[in-house]
Each structure stands twice: as structure tokens, then as C-alpha cells.
Amino acid sequence: MNILAHFSGSLQVPIEEVTIKETDAYMDHLLRHRKKPKTVNCHMGCIHAFYEYLIEDERLPLINPVRKNYRLRLPRPLPKHLRDEQVATLFKRIDDTRDRPCSC
């Protein structure tokens, strides 16, 4: 409800007249306010679900203004490195000589 209140408060047109233009503008608004991609995706998913509810359950003759599968890419964290003790433990458990480190 909070997300929908923020969205409807940002609109200059009634909910029934929202187009892709307004939803894209709302996404830009969130990004300008430094919202993270996960938060933006959450907002857009909520708005998409709301319009699906209006279309399917309330049978309003609307077109969903949120593009399907329109999401921001989420950053992928870098893998964490192993400590020296963890590397030693890992190599102790390797039985196959093929997987052992080279002693060149």
C-alpha cells in the first residue's frame, strides 16, 4: 500500500490513464532519489501486480502500463576470497592428483 501511495502521489493523471510514459517517469524519479535497483524493481513489480489485479479481478478495461519483465539489473557481488588457513584445508581434502596445485 505504501508503494502504491507513493506512485499515485507522483502522478499527474488518474490511475486509469497511466501509460508506460508515467511508469518510466516514476522509475526515473526513484533512480534520481538514489534508490537501489532492488528497491526500484520491488516498486515496479508492486505496481505491475496492482494493474494486473485491476485488469483480472476488477475487470477494468486497462492495459498494464508496467512493461512485463522490465527490470533493472542487480549488481552481482564479487566472490569472497579464502583465508590462507581455508586454502590449506581445501588442498588437504583434495584426493585426486589432477586437482592438486602444481609444485613447479
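So, here's what we can say about the structure. (Residues numbered from 1 in each chain as written. Predicted model: local features only at pLDDT ≥ 70, side-chain atom pairs only at ≥ 80, totals over all residues. Heavy atoms only, no water.)

Concerning the overall build of the chain
Per the secondary structure count, the chain includes four helices and zero strands. Counting helices and strands in the order they occur from the N terminus, the chain gives α-α-α-α. In terms of overall size, the chain is more extended than a compact globule, its C-alpha atoms giving a radius of gyration of 24 Å where 104 residues would be expected to give roughly 13 Å. For the chain, the spread of C-alpha atoms along the three principal axes comes to 70 × 30 × 25 Å. When burial is assessed residue by residue, the chain has 21% of its 104 residues classed as buried. Taking the intrachain contacts of the chain between residues at least 6 apart in sequence as the baseline, contacts between residues at least 24 apart amount to 48%. Accessible surface computed for the chain: about 8800 Å², of which carbon and sulfur atoms make up 54%. (Helix = DSSP H or I, 4+ residues; strand = E, 2+ residues; numbered from the N terminus. Rg over C-alpha atoms; globule rule 2.2 N^0.38 Å. Buried < 20%, exposed > 50% of the residue type's maximum accessible area, 1.4 Å probe, protein only. Contact = heavy atoms within 4.5 Å. Areas by Shrake-Rupley, 256 points an atom, 1.4 Å probe, with all protein chains shown as cover.)

Digging into the packing of helix H1 (residues 2-9) against helix H3 (residues 37-56)
Direction vectors running N to C along H1 and H3 enclose 85 degrees, while the axes themselves pass 10 Å from each other. The angle between H1 and H3 falls in the class roughly perpendicular. Note on element contacts: H3 touches H1 through Cys-42, His-43, Cys-46, Ile-47, Phe-50 and Tyr-51, opposite Ile-3, Leu-4 and Phe-7. Of the residues contributing to the contact of H1 with H3, the split by class is eight nonpolar, one polar and no charged. (Axes fitted to C-alpha atoms, helices over the stretch in contact; angles between N-to-C directions. Parallel < 35°, antiparallel > 145°, perpendicular 65-115°, else oblique. Nonpolar A, V, L, I, M, F, W, Y, C, P; charged D, E, K, R; others polar.)

What about a negative patch on the surface?
On the surface, a cluster of negative charge is contributed by Glu-52, Glu-56, Asp-57 and Glu-58. One can find Glu-58 in the loop between H3 and helix H4 (84-93). (Patch = residues over 30% accessible without salt bridge, like charges linked within 9 Å, V, L, I, M, F, W, Y side chains within 5 Å. Salt bridge = Lys/Arg side-chain N within 4 Å of Asp/Glu carboxyl O. Lys, Arg positive; Asp, Glu negative; His and termini not counted. Charge placed at Lys NZ, Arg CZ, Asp CG, Glu CD.)

Details of the environment of Glu-16
Position of Glu-16 relative to the elements: it lies in the loop between H1 and helix H2 (20-32). A residue is classified by how much of its surface remains accessible, and Glu-16, at 52% relative accessible area, is exposed. When the C-alpha positions of Glu-16 and Met-1 are compared, they lie 17 Å apart, and in sequence the two are 15 residues distant.

Comments concerning the pattern of salt bridges
Charged atoms that come close allow side chains of opposite charge to pair. Following the criterion strictly, the structure yields two salt bridges and no others. Salt-bridge contacts for Arg-67 lead to Asp-24; the nearest nitrogen and oxygen are separated by 3.1 Å. Residue Arg-67 is found in the loop between H3 and H4, and its partner Asp-24 is found in helix H2; the two are separated by 43 residues along the sequence. According to the relative accessible area criterion, Arg-67 is partly exposed, its value standing at 37%. A salt bridge links Arg-83 to Glu-85; the nearest nitrogen and oxygen atoms lie 3.4 Å apart. As far as burial versus exposure is concerned, Arg-83 and Glu-85 are alike and both exposed.

What to know about the side chain of Asn-41
Considering the arrangement of structural elements, one finds Asn-41 in helix H3. For Asn-41, a relative accessible area of 12% translates into the label buried. Residues contacting Asn-41, with those up to four places away along its chain left out, are Arg-71, Leu-72 and Leu-74.

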